[in-house]
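The chain contents come next:
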Amino acid sequence: MNDALFSAINDIERVAKKQRTCSEKTMKYLTQMEDEIKATRGKLAACATVAEKDELMKALHEKLVKLELPGQIASAQKDFYGSVSRLGKSVDKHFGTSSFASRETNLDAKLLDEVIANHLFREGQPDLGRTFCEEAGVSVSEELKQSFLDMHLVVRELQSHNLMPALEWVKKQEKARQGGAGARNSSLEFKLHSMQFIKLLTSEGCKPALAYARQNLSAFAGSHMLEIRQLMGCLLYHNNISRSPYKELLSETHWEGIQQDFMRECCNVMGQACESPLLVASAAGALAIPTLAKFAMVMGKKQADWTQMDHLPVEIELGHAFTFYSIFACPISRDQASPDDPPMMLPCGHVLSKQSLTKLNKSNTKPFKCPYCPSEQKFGDCKLIMF
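As the structure is a prediction and not an experimental result, all values here were calculated from the model. Residue numbering note: each chain is counted from 1, following its sequence as written. The model is predicted, so local features are restricted to residues of pLDDT at least 70 and side-chain atom pairs to those at 80 or more, both for listing and for counting; the totals for chains, interfaces and linings are taken over all residues. Based on all heavy atoms of the structure, the side-chain values leave hydrogens and waters out of the count.

(A) The layout of surface pockets, seen in detail. Only protein atoms enter the 1 Å grid used here, on which a cavity is any set of points holding a 1.4 Å probe that cannot leave and a pocket is any open set flanked by protein within 12 Å on both sides along at least five of seven lines; residues with an atom within 4 Å of a point are listed as lining. Grid points are joined across faces, edges and corners, and a volume is the space filled by probe spheres set on the points. Volume-wise, the largest pocket comes out at about 1200 Å³. Looking at the largest pocket, it is lined by 25 residues, and the ones nearest its centre are E315, I316, P331, H350 and V351.

Okay, here's the thing in structure tokens:
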């Protein structure tokens, strides 16, 4: 697969070089043609009779015909288009269409349309989302649409360094969760208050910032004392925080991070995934393509239909970012975990249900082999996993 990728990249680079050469030649020929026309136009302005003008135009025509500039431009373009055509054939050669990409799937088209519509509203594109819903014949609840719209209105305010709409939203959610009573302990709310404190300190000075801290940060002393101490340290350098030990607090990355934290909190309140399911699925698929393509090629040589397999015999490593633990289903029994049959992690790192492990552990004294790797395990070394 890597060899095919490198070959395709080399072919693309050759086409890009051809394109640059073609562009340079075309510009050269056009400039030459333009110069001849401008020179003739200057001479025409000095002509007194129609006969002289006709003679100049005839001379220009003969010169352009002799130079064959249109033909040279067409030749350069034809050479470039030929390279583009050969690139398509090269891609087909290196990435055959008879692999996993051409297999039939039982994809639920309506479900996919709903995911796309959800993604468009989530990304703050309501007009595009409504148009897509109309054309695809799917719907997204008005409540969810409005929630995403409100979320992006606040995010735009955060991009303008206005924290108040976000603070109002967070306080409203805290009251709803606590029934209007109780100490505030939201990490997002603390971050927002911290950034507002820094904003006041740099724009209005120590007194307004300190008054704001006493009113809004004291409730977080039990859980964020270290951060509060750092903020109080900024008071000593209020005239020039950018040259103080606390200059990192002025970094623009904090504003970007608070936007992400706010959107994540909003999605949690709405009961939506923190990341767009469409983006997650697309990114995971892109990471899996090289392994799947290589596996499909190997199985194709063996004339085996891998699309009929319930489980792939190869492991596709997607990284920690694509690891989710909402539920667990045992890969052997395929039963979902329950309090009576919890998931157990083997020393090798693989996870099975407790009942499946009990069946594998035929003897309580002898070790047994993991069904997914050749390492030997002992039942007593397995650990219970809590989700």
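Read on, since the account is not over.
(B) Fine view of the side chain of Q259. Structurally, Q259 is set in helix α11 (residues 253–270). In this description, contact between two residues means that some pair of their heavy atoms is separated by no more than 4.5 Å. With residues near it in sequence (within four places) discarded, Q259 still touches V155, L158 and Q159. By definition, any uninterrupted DSSP run of H or I lasting at least four residues is a helix, any uninterrupted run of E lasting at least two residues is a strand, and each is numbered from the N terminus.

(C) Here's a closer look at the packing of aromatic side chains. Only the six-membered ring of Trp is used, alongside the rings of Phe and Tyr, when aromatic pairs are assigned; centres must lie within 6.5 Å, and planes under 30 degrees apart are stacked while those over 60 apart are edge-to-face, with the rest tilted. Tallied over the full model, the rule gives four aromatic pairs. Between F80 and Y81, the aromatic rings sit 5.6 Å apart at their centres with planes inclined by 45°, giving tilted as the arrangement. With 5.5 Å between their ring centres and 55° between their planes, F190 and F220 make a pair best called tilted. Taken together, the residues F190 in helix α8 (residues 187–203) and F220 in the loop between α9 (206–216) and α10 (225–233) connect sequence positions 30 residues apart.

(D) The arrangement of the pattern of salt bridges in detail. Counted as salt bridges are all cases of a side-chain nitrogen of Lys or Arg within 4 Å of a carboxyl oxygen of Asp or Glu. Counted under the stated rule, the structure contains eight salt bridges. The salt bridge partner of D11 is R14, with a shortest N-O separation of 2.0 Å. On the criterion of helical spacing, the pair formed by D11 and R14 is a turn pair, its members being three residues apart in helix α1 (residues 2–46). For R264, the salt bridge identified is with D261, shortest N-O distance 3.0 Å. Linking R264 with D261, this pair stays in helix α11, spanning three residues, or about one helical turn. Several salt bridges share partner residues, and in doing so they unite K191, D261 and R264 into one network.

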